[in-house]
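Take a look at the letters that make up each chain.
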Amino acid sequence: MTTKQIVLASRPKGTPTLDNFRLENIELPAVQYGEVLLKGLYYSVDPYMRGRMNDVKSYVAPFEIDQPVAGGVVARVTESKSDYFKPGDIVSGSLPWREEFISAEKGIKKIDTTIAPASYYLGILGMTGLTAYFGLMHIGKPVPGETVVVSGAAGAVGVVVGQIAKIQGCRVIGIAGSDEKIKLLKEKFGFDEAINYKTTADMKKAIAGICPNGVDIYFDNVGGEISDAVISNINFHARIPLCGQISLYNSTEIPVGPRLQPMLLTRSVLMQGFIVSNYQGIFAEGIEHLAEWVKDGKLKFTETIIHGFDKLPTALMGLFNGENTGKMIVEA
Ligand code: NDP
């Protein structure tokens, strides 16, 4: 059987372009015992994939040249030689960018589409939701009445962080890159205030004005100058869950910024980097809370869905131009 796949054709220098990817046909072998044939339904594109396009050692292996890009995928079982899966089951896993593919049964898990739409398992009930939950609750440790600032606030992780912080009784300020996103954060997601970093000349001053009592938790999704401005308003005993640094992912030079250590030291601030998989052993705790909040209508979610398997590279690149609100997903 022939199917399509998208491979990494070359490693980007700076911002990725379409030339870094190649769409091609491949022949799939027959399904063996313990394997299933899957048809991809929804594909997740995530900022961390940019790091995997570089040939550097990190917490996850780089993509190989001429091999398919891979990421979170929700798929339907179309043929099964497994005792655990039957045709029609909807599953998720970290899978290759192929329209159809064979997977070992241990590489996938069944998802329950009666709880939430299938695509939510790539977002709020998947890595995105868990990242927001563990970063905020286990590192940020919010206390009612505290001020929480979230950068990348209108993105997949950011909208969840802000809403969980509201559920915890905090005052929440989001930072995002368009007036539409600012409006959505305040009107749909219940943020108390939001700042458009693209139209604000002095971010340090803007944050000081909006956070007169300082910042107790800064959930950092973007890094760079936005984070410098927030951290200059940080309170004593503040916590900074260091989740992402998207503003630096396409940098070709080592960024130089303010030296933060003296401020972190003298204000007794905790800044902790984390990778969501650090919490793998207790994912059930996060899923339980997220599913309950979704069910109770306390946690809203939004997706930007791009249609067409061959649009995967375009969707991935769109993350770096702010083309998504909430989770960016490609529907095959
Ligand atoms: P998003 O859905 O937030 O998509 C990326 C968003 O980042 C864009 O929509 C854009 O919004 C913003 N952005 C892009 N470039 C810049 C820039 N130069 N400066 C400021 N903002 C920018 O992605 P996710 O929610 O999936 O991820 C958010 C962050 O969390 C990323 O840094 C990601 O790497 C990280 N992450 C970390 C995990 C972990 O385990 N530690 C797990 C998952 C994600 P705008 O219009 O506002 O500019």
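Attention here is on the structure that accompanies the text. Throughout this document, residue positions are counted from 1 along each chain, in the order its sequence is written. The predicted nature of this model means local features are confined to residues of pLDDT at least 70 and side-chain atom pairs, given and counted, to a pLDDT of 80 or more, with totals for whole chains, interfaces and linings taken over all residues. Only hydrogens and water are removed before side-chain values are computed, so all heavy atoms of the structure are retained for them.

### Some details on the overall build of the chain
Here's step 1: The secondary structure content of the chain amounts to nine helices and 15 strands.
Here's step 2: As a reference, a globule follows 2.2 Å times the number of residues to the power 0.38, and the radius of gyration itself is taken over C-alpha atoms. Against the compact-globule benchmark of 20 Å for 332 residues, the chain has a radius of gyration of 20 Å, which places it among compact chains.
Here's step 3: Overall, the chain is about 65 × 45 × 35 Å in size when its C-alpha atoms are taken along their principal axes.
Here's step 4: Within the chain, the proportion of its 332 residues that are buried is 51%.
Here's step 5: A separation threshold of at least 6 residues defines the contact pool for the chain, and within that pool the share at least 24 residues apart is 67%.
Here's step 6: Here the open area of atoms and residues is found with the Shrake-Rupley method and a 1.4 Å probe, where only the protein chains shown may cover a residue. Summing over all exposed atoms, the chain offers an accessible surface of approximately 15300 Å²; the carbon and sulfur share of this is 53%.
Here's step 7: In the chain, which carries 33 positive and 35 negative side-chain charges, the distance between the mean positions of the two groups comes to 3 Å. The helix count covers DSSP runs of H or I at least four residues long, the strand count covers runs of E at least two residues long, and both are numbered beginning at the N terminus. Working definition: with a 1.4 Å probe on protein chains only, accessible area under 20% of the residue-type maximum means buried, over 50% means exposed, and in between means partly exposed. We call two residues contacting when some pair of their heavy atoms lies within 4.5 Å. Neither His nor the chain ends contribute to the count of charged residues, in which Lys and Arg are positive and Asp and Glu negative. A charged residue contributes its charge at one atom only: NZ of Lys, CZ of Arg, CG of Asp or CD of Glu.

### Here's the deal with the site of the ligand
Here's step 1: The rule for a residue being near a molecule or strand is that one of its heavy atoms must lie within 4 Å of it. The immediate surroundings of the ligand are formed by 27 residues, with Lys181, Tyr197, Tyr249, Val276 and Asn324 found nearest.
Here's step 2: N or O atoms closer than or at 3.5 Å make up a polar contact, with two conditions inside protein: a donor-capable atom paired with an acceptor-capable one, and, for residues adjacent in sequence, both atoms drawn from side chains. A distance of 2.9 Å is found between an oxygen atom of the ligand and a backbone nitrogen or oxygen belonging to Ala156.
Here's step 3: Contact distances for the ligand include 2.7 Å between an oxygen atom and a side-chain N or O atom of Tyr249.
Here's step 4: Secondary structure elements with two or more residues in the shell around the ligand: α2 (127–140) and α3 (156–167).
Here's step 5: For this classification, Asp, Glu, Lys and Arg are treated as charged, while Ala, Val, Leu, Ile, Met, Phe, Trp, Tyr, Cys and Pro are nonpolar and the rest, including Gly, are polar. Grouping the amino acids of the shell around the ligand by side-chain chemistry returns 16 nonpolar, 10 polar and one charged.

### With respect to the environment of Arg76
Here's step 1: Checked against the element boundaries, Arg76 lands in strand β4 (residues 70–80).
Here's step 2: Arg76 sits 13 residues away from Asp89 along the chain, and the two C-alpha atoms are 5.8 Å apart.

### Some remarks on the environment of Ala284
Here's step 1: When you line up the elements, Ala284 lands in helix α8 (residues 283–295).
Here's step 2: The spatial distance from the C-alpha of Ala284 to the C-alpha of Leu130 is 9.5 Å, given a sequence separation of 154 residues.

### Points about the sheet that holds strand β8 (residues 147–151)
Here's step 1: Pairing in this open sheet of six strands is parallel, and the strands run β10-β9-β8-β11-β12-β13 from one edge to the other. Two strands bound the open sheet, and with one partner strand each, they are β10 (193–196) and β13 (270–273). Across this sheet, the average inter-strand angle for adjacent strands is 15 degrees, counted without regard to direction.
Here's step 2: Should DSSP find at least two bridges between two strands, the strands are taken to pair. The pairing of strand β11 (residues 215–219) with strand β12 (residues 234–242) spans two bridges and is classified as parallel. Residue pairing across strands places Val215 opposite Ile234, the latter belonging to β12. Interaxial angles span 0 to 180 degrees and are taken between N-to-C directions of axes, which are lines fitted to C-alpha atoms, for helices over the stretch in contact.

### As for the packing of aromatic side chains
Ring pairs (aromatic) are described by centroid distance and by the angle formed between their planes.
Here's step 1: Pairing of aromatic side chains requires ring centres within 6.5 Å, counting the rings of Phe and Tyr and the six-membered ring of Trp. Pairs whose planes differ by under 30 degrees are stacked, by over 60 edge-to-face, and all others tilted. All told, the structure shown has nine aromatic pairs when counted by the stated rule.
Here's step 2: Between the aromatic rings of Phe219 and Phe274, the centroid separation amounts to 6.4 Å while the plane-to-plane angle is 75 degrees, which identifies the pairing as edge-to-face. With Phe219 in strand β11 and Phe274 in the loop between β13 and α8, this residue pair connects regions lying 55 residues apart in the sequence.
Here's step 3: With a relative accessible area of 0%, Phe219 lands in the buried category.
Here's step 4: Connected via pairs of aromatic rings, a cluster forms that spans Tyr133, Phe134, Phe219, Phe274, Tyr279, Phe283 and Trp293.

### A few points about the pairing of β12
Here's step 1: For the handedness criterion, the β-α-β arrangement of β11, helix α6 (residues 224–231) and β12 is classed as right-handed.
Here's step 2: Two strands pair when backbone bridges link them, and β12 and β13 are joined in this way by four bridges, in the parallel orientation. In the strand pairing of β13, Arg239 is matched with Leu270. With the strands pointing away from the viewer, any crossover whose connection runs clockwise from the first strand over the helix to the second is right-handed.

### Things to note about the nonpolar core
Here's step 1: Throughout this description, the term nonpolar core refers to a set of buried Ala, Val, Leu, Ile, Met, Phe, Trp, Tyr and Cys residues connected via side-chain atoms within 4.5 Å. Grouped together as the largest cluster of nonpolar side chains are 46 residues, with contacts concentrated most on Val74, Val160, Ile164, Leu185 and Leu290.
Here's step 2: Listed by contribution, the elements that provide at least two residues to this core are β3 (35–44), α2, β8, α3, β9 (171–176), α4 (179–187), β11 and α8.
Here's step 3: If we skip the residues at most four places from it in the chain, Leu290 touches Ile124, Leu125, Gly129, Leu130, Tyr133, Val160, Ile164 and Leu299.
Here's step 4: In this structure, Ile6, Leu38, Leu312 and Val330 belong to the second largest nonpolar core, which totals 29 residues.

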